[in-house]
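A closer look at the structure
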Amino acid sequence: MTQAALQSIDAEDGTDAIRAVLECDGGVIVHNALSAAQVDGLNADLEQQIRATAPGIAHPTHQRMADFYGTDTIRIDGLPAKSEAFVDVMLSSPLLGLADQILLPSCEDYLFNTGQLIQIGPGESAQAIHRDEDAWSYLPRPAPLLQVEGMFALSDFREENGATQVVPGSHLWEHDRTPRSDEITQACMPAGSALIYLGATLHGGGANRTADEWRRGMFMGFVVGWLRAEENAFLTVPIERARELPRR
């Protein structure tokens, strides 16, 4: 059987070209989604907090949650309050144009769903393959497209260090279909690139099989405005900081 593969496109090709691949495959690698200055800014803004944050989640409500989020993975939320570079990315990312096209037909406006630094450490196992939109599993099916998201590479993503696993075309599947191994690929890409994907697309963090290499990515997504966002920005972004942010 032929191994699944993701298509690649350059950010300069524009939103329409990216959307065309998304509609077909549910995910696409977008090169130059971040400028070199944005990559450097995100890494610089978050480096001190990364060093001060232990892997795993502090207060899991169930072992399944601890396993899902990873025991050797560092996660940092509330990025609009922690990084000026992140705010710049929010306002300039290809995701905004895609959210206009994909989400606005189903809502008056869309919401910032979550932003997270995700650094997968050596020895981390592969995350369970899942759909992000299953956070709202109570919605009747079929439902409109709920999310558009991006995993932005702040370091090179390789098979060995935990590049994100993706199942191209799975956004069109029945929800109970399980992918075969040959239907799963990985989003291998250089720093500054992004895996853009839909909330209905099966994916998951890859296993880090290296001895000493951390895979650093920044996740960001938008959701239709009639759903409650996964991250409560009223708590993760203090009101004093919110007053300083651009209105958009």
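Scroll up a little and you will see the structure.
What you are looking at is a predicted structure, and each value in this text was computed from that prediction instead of being measured. (Residues numbered from 1 in each chain as written. Predicted model: local features only at pLDDT ≥ 70, side-chain atom pairs only at ≥ 80, totals over all residues. Heavy atoms only, no water.)

Counting its regular elements, the chain contains eight helices and ten strands. Its C-alpha atoms give the chain a radius of gyration of 17 Å, near enough to 18 Å, the size a compact globule of 248 residues would have. Here the C-alpha coordinates of the chain stretch approximately 50 × 45 × 40 Å along the principal axes. Here the chain holds 248 residues, and 51% of them are scored as buried. Summarising the internal contacts of the chain: among those between residues at least 6 apart in sequence, 81% fall at separations of at least 24. Per element, the accessible surface of the chain, about 12,000 Å² overall, is 51% carbon and sulfur. (Helix = DSSP H or I, 4+ residues; strand = E, 2+ residues; numbered from the N terminus. Rg over C-alpha atoms; globule rule 2.2 N^0.38 Å. Buried < 20%, exposed > 50% of the residue type's maximum accessible area, 1.4 Å probe, protein only. Contact = heavy atoms within 4.5 Å. Areas by Shrake-Rupley, 256 points an atom, 1.4 Å probe, with all protein chains shown as cover.)

Glancing now at the pattern of salt bridges. Applying the stated criterion to the full structure yields 13 salt bridges. Among the salt bridges present, the one from E183 reaches R180, with a minimum N-O distance of 3.4 Å. Take R180: its relative accessible area is 40%, and that puts it in the partly exposed class. Through salt bridges with shared partners, a single ionic network connects R177, R180, D182 and E183. (Salt bridge = Lys/Arg side-chain N within 4 Å of Asp/Glu carboxyl O.)

With that settled, consider the environment of L227. With respect to the element layout, L227 can be found in the loop between β10 (215-224) and α7 (233-236). Relative accessible area serves as the criterion here: at 6%, L227 is assigned to the buried category. When near neighbours in sequence (up to four residues on either side) are disregarded, L227 contacts L111, W136, Y138, L139 and L146.

Attention shifts here to the packing of helix α1 (residues 15-25) against helix α6 (residues 94-102). Interhelical geometry of α1 versus α6 gives an angle of 65° and a closest axis separation of 10 Å. As judged from the angle between their axes, α1 and α6 are roughly perpendicular. For α1 against α6, the interelement crossing comes out right-handed. Contacts between α1 and α6 involve T15, D16, I18, R19 and L22 from the former and P94, G97, L98, Q101 and I102 from the latter. Broken down by class, the residue content of the contact of α1 with α6 amounts to five nonpolar, three polar and two charged. (Axes fitted to C-alpha atoms, helices over the stretch in contact; angles between N-to-C directions. Parallel < 35°, antiparallel > 145°, perpendicular 65-115°, else oblique. Left-handed = near helix turned anticlockwise from the far one by under 90°. Nonpolar A, V, L, I, M, F, W, Y, C, P; charged D, E, K, R; others polar.)

On to the environment of F234. Tracing the chain through its elements places F234 in helix α7. Residue classification places F234 among the exposed positions, given a relative accessible area of 78%. Separated by 23 residues in the primary sequence, F234 and A211 have C-alpha atoms spaced 39 Å apart.

Strand order in the open sheet formed by three strands is β7-β6-β9, with antiparallel pairing between adjacent strands. What marks the edges here is a single partner per strand, and that holds for β7 (185-186) and β9 (203-204). Taken together, the two bridges between strand β6 (residues 165-166) and β9 define a ladder with antiparallel strand orientation. Residue pairing across strands places V166 opposite H203, the latter belonging to β9. (Pairing = 2+ DSSP bridges.)

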